[in-house]
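Examining the three-dimensional arrangement
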Amino acid sequence: MIRYLFSFVFILLFVSVIHAERAQVMGSRGPDGTEVICELPEKEHIKNVGGRDGAGLCVFTSIEMSARWANENELRGFQQKMRKEPGGGWPEKVDRMMAKYAPGIKYVQYSGNDPGILDLAMKTGRMVAVTYGYSERYGGRVAHMVNLVHMDEKWATILDNNFVGSDKLEWMSRVEFLRRWKMTGGGWAVILLAPSPPPIPINVPAELLPERRNRLALEGLLASAS
Amino acid sequence: MQTPKAVSQATPPVELGVGYQWRYRADDPDRVYLFKAGVQIGGWDDKKKVWRDYDSRSDHWFDPGKPPWQSTNSEFFFGVVHEKIPEEESYSIGGVKADRTGVRKLFAGDTLTDDSSKLRLTLIADKEVSERISGDLKSHPALANVAPKFTVQSYQWGDWATEVFRPDPARRFHLSLQGPANQSGRGIEYHAQTEYTGPEDLAVAMAAAIRKADPSYEPNRTPDLRPKPNVPPAPEPAPVDSLWTGLLIILFFIFALGKGNGSSDE
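Residues numbered from 1 in each chain as written. Chains lettered and ligands numbered in written order. Predicted model: local features only at pLDDT ≥ 70, side-chain atom pairs only at ≥ 80, totals over all residues.

Quick notes on the overall build of chain B
A tally of regular secondary structure across chain B gives four helices and 12 strands. Here chain B, with 266 residues, has 23% of them falling under the buried criterion. Sequence-distant contacts in chain B: of pairs separated by 6 or more residues, those separated by 24 or more amount to 39%. (Helix = DSSP H or I, 4+ residues; strand = E, 2+ residues; numbered from the N terminus. Buried ≥ 20, exposed ≤ 12 C-beta atoms within 10 Å, placed from the backbone. Contact = placed C-beta atoms within 7 Å.)

Structure follows, in structure tokens:
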């Protein structure tokens, strides 16, 4: 009986681990209702294309989507301009192409294994272009750059430029994303320094409005007097 | 050779991105052929679930083997050239390599600053007006003290990010002052104006918004400066562990008594 119980617990643990390692394709709310940080509207999504030699432009597509999020209009149409160049991207080429097509843009590039810069970008609402080494969508390893649109202590979410659409975001655990980010020897990230879009406006809470605050104070005085 | 997908009965086993293409043959409905950058690299027999590599230069088909999307040695190339990414940890700021000192500065706030707790000024206006106000924010003396406390974003009329403000199209101007975003990306709007009446008026509004939402204010950190009253120390509460133990003992006795009563009834 105890043996069966142990087997059952082992299978349960095994299944839960396997399940946790798989990404889930969902919308702007994650498996537990978490809201995505950088919710770029679908009309601003752009699909990956090839350069003049047919090789993919995922790096420059991801950077343009980050730019659309950050209101960096100088980078609007960056991917289309890059279609005249050979495909493929790496840090030094990004520097050259940014200098050529968008010299006014302030940005940071990082290569390494420290997720600290990704956390800072997410905390400040910046969308990051990141390397991505694996996805169930392709059934195997990929040499790819996508947009990191959410990362907290539990979840990470990516927007893949081969599968654009608000309902096609890939949600996975933070640990799993960081594994995929660093998969081919180390991660690479491109971060635009322009601030994020403004927060969604909400009204001043009633208790903070002057007339409401005065009435509350008056009510307090009357209560203490009586 | 290429025919519409509908003619073929075979289904590609995986969907691939740019640079890869599945092609079909009308005379071979059970198979699909994979092309990379226009060059055939193999074929998939959908009926037998078998993959074979193909060398187009020698026109040679290899024996059935592991398809590339299942192989640990191959990867699909969508545009990242891994061989040219520095192996050692490295930073660059605007194309200029940063050393360790630069890295420390980067995190200390010289470039990628943590502006998440700053107030927000969002300007939605035509280019000319927008440039005028941006100029005032940078250099007008009335705004010198308040402007650095705000993260400024300036949008053209109709940009996607402005929709949340529901600006009046008849005015073609909207200026909003908000508190920092909360965890769900929402921020209290303290002030909104639909016309620009000059930097002095704006400075008054910005100062008022700062007073309402000073992000550095933490009420719990304000000390109580009154003299402490001489109150005798209260007895220490019983440790939680002994409380639980006591409760468990009581429950045990209740259960044992109940059982004893039940058996005597029979």
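We are not done yet, so read on.
A few points about the overall build of chain A
For chain A, the count of helices and strands is seven helices and eight strands. The buried share among the 226 residues of chain A stands at 45%. Sequence separation of at least 24 residues holds for 64% of the intrachain contacts in chain A that already meet a minimum separation of 6.

With respect to the sheet that holds strand β2 (residues 31-36) of chain B
Residues and elements named next belong to chain B. Pairing within the open sheet is antiparallel, and its five strands lie in the order β1-β2-β3-β4-β5. This sheet does not close on itself; its edge strands, each paired only once, are β1 (20-24) and β5 (60-65). Averaged over all adjacent pairs, the angle separating strand axes in this sheet is 25°, with direction ignored. Judged from the six bridges that link them, β2 and strand β3 (residues 39-45) form a sheet pairing that is antiparallel. For Leu34, the partnering residue across the bridge sits in β3 and is Gly42. (Pairing = 2+ DSSP bridges. Axes fitted to C-alpha atoms, helices over the stretch in contact; angles between N-to-C directions.)

Section: the pairing of strand β4 (residues 50-55) of chain B
Residue and element names in this part refer to chain B. For β3 and β4, the ladder comprises four bridges, and the chain directions are antiparallel. Bridge pairing in β4 places Asp45 opposite Val50. Direction of pairing for β4 relative to β5: antiparallel, over a ladder of four bridges. Across the sheet, the residue bridging to Asp55 is His60, located in β5. The hairpin formed by β4 and β5 contains four residues between the paired strands, and Asp59 there has a positive phi angle of roughly 50°.

Describing the domain arrangement of chain B
Domain boundaries in chain B define domain 1 (5-65), domain 2 (86-113) and domain 3 (119-212). Centre-to-centre separation of domain 1 of chain B and domain 3 of chain B, based on C-alpha positions: 56 Å. (Domains from an automatic or database assignment.)

Details of the interface of chain B and chain A
Counting from both sides, the interface comprises 56 residues of chain B and, opposite them, 61 residues of chain A. Contributions of two or more residues to the side of chain B that touches chain A are made by β6 (75-77), β7 (90-93), β9 (119-125), β10 (150-155), β11 (173-178) and β12 (186-193) of chain B. In terms of residue count, the dominant contributor to the side of chain B that touches chain A is β12 of chain B (five residues). Relative to β7 of chain B, strand β2 (residues 107-112) of chain A runs antiparallel, the two sharing four bridges. Considered in β7 of chain B, the bridge of Tyr110 of chain A is made with Tyr91 of chain B.

A short note on helix α3 (residues 199-212) of chain B
Residues and elements named next belong to chain B. Its 14 residues give α3 an end-to-end C-alpha distance of 20 Å, which sits within 8% of 20 Å, the value for a rise of 1.5 Å per residue. Listed as buried for α3 are Pro199, Leu202, Met206 and Ala209. One side of α3 carries all its buried residues, which in axial view fall inside an arc of 80°. Facing away from the buried side of α3 by over 90 degrees, the exposed positions are Glu200 and Arg211. Looking at the packing, one finds that the buried side of α3 touches β9, α2 (127-139), β10, β11 and β12. (Expected span 1.5 Å × (residues − 1). Arc of directions from axis to C-beta.)

Some remarks on the nonpolar core
Residues and elements named next belong to chain A. Among the nonpolar cores identified, the biggest contains 72 residues, and Val59, Val128, Val130, Leu148, Val149, Ala189 and Ile191 are the most heavily contacted of them. The biggest single contributor to this core is helix α2 (residues 58-70), with eight residues. Every residue in contact with Val130, bar those within four places of it in the chain, is listed here: Met145, Val146, Leu148, Trp181, Gly187 and Ala189. (Core = buried A, V, L, I, M, F, W, Y, C linked by C-beta atoms within 7 Å.)

Comments concerning the environment of Arg174 of chain A
In this structure, Arg174 of chain A sits in helix α6 (residues 174-181). The class of Arg174 of chain A is partly exposed, set by 17 C-beta atoms lying within 10 Å.

Some remarks on the sheet that holds β10 of chain B
The five strands are arranged β8(A)-β12(B)-β11(B)-β9(B)-β10(B) in an open sheet whose pairing can be described as mixed. The strands lining the two open edges of the sheet, one partner per strand, are β8 (200-202) of chain A together with β10 of chain B. Ignoring strand direction, the axes of neighbouring strands in this sheet form an average angle of 35°. Packing of α2 of chain B onto the sheet brings it into contact with β9, β10 and β11 of chain B, and relative to β9 of chain B it is tilted by some 150°. Along the sheet, α3 of chain B contacts β9, β10, β11 and β12 of chain B; its crossing angle with β12 of chain B, the most-contacted strand, is approximately 150°.

Some words on the confidence of the model for chain B
Detailed reading of the predicted coordinates is not advisable wherever pLDDT is low. Residue and element names in this part refer to chain B. Confidence along chain B averages 79 in pLDDT terms, with 74% of residues attaining 70 or more. In the predicted structure, residues 1-7 sits below a pLDDT of 50 and forms 10 contacts with residues beyond four places in sequence or in another chain. Below a pLDDT of 50 lies the segment residues 262-266, which in the model reaches zero contacts outside its immediate sequence neighbourhood of four places, other chains included. For this predicted complex, the interface confidence reaches an ipTM of 0.81, while the overall pTM sits at 0.73. (pLDDT = per-residue confidence, 0-100.)

Quick word on the confidence of the model for chain A
Residue and element names in this part refer to chain A. Confidence in the prediction for chain A averages 87 pLDDT; 82% of positions are at 70 or higher. Least confident of the elements in chain A is helix α1 (residues 2-21), whose mean pLDDT is 54; most confident is strand β5 (residues 155-159), at 98. Below a pLDDT of 50 lies the segment residues 13-20, which in the model reaches one contact outside its immediate sequence neighbourhood of four places, other chains included.

With respect to α6 of chain A
Residues and elements named next belong to chain A. Burial in α6 covers these residues: Phe177, Arg180 and Trp181. Down the axis of α6, the buried set is contained in an arc of 105°. They therefore lie on one face. Where α6 is buried, its residues meet β3 (128-135), β4 (140-151), β5, β6 (169-173) and β7 (187-192).

Focus: unusual backbone geometry
Although it is not a glycine, Asn71 of chain A adopts a positive phi angle of roughly 65°. Positionally, Asn71 of chain A belongs in the loop between α2 and α3 (78-82). Even without being glycine, Arg166 of chain B reaches a positive phi, approximately 45°. Along the chain, Arg166 of chain B turns up in the loop between β10 and β11. Here Arg166 of chain B falls in the exposed class, since 9 other C-beta atoms lie within 10 Å of it.

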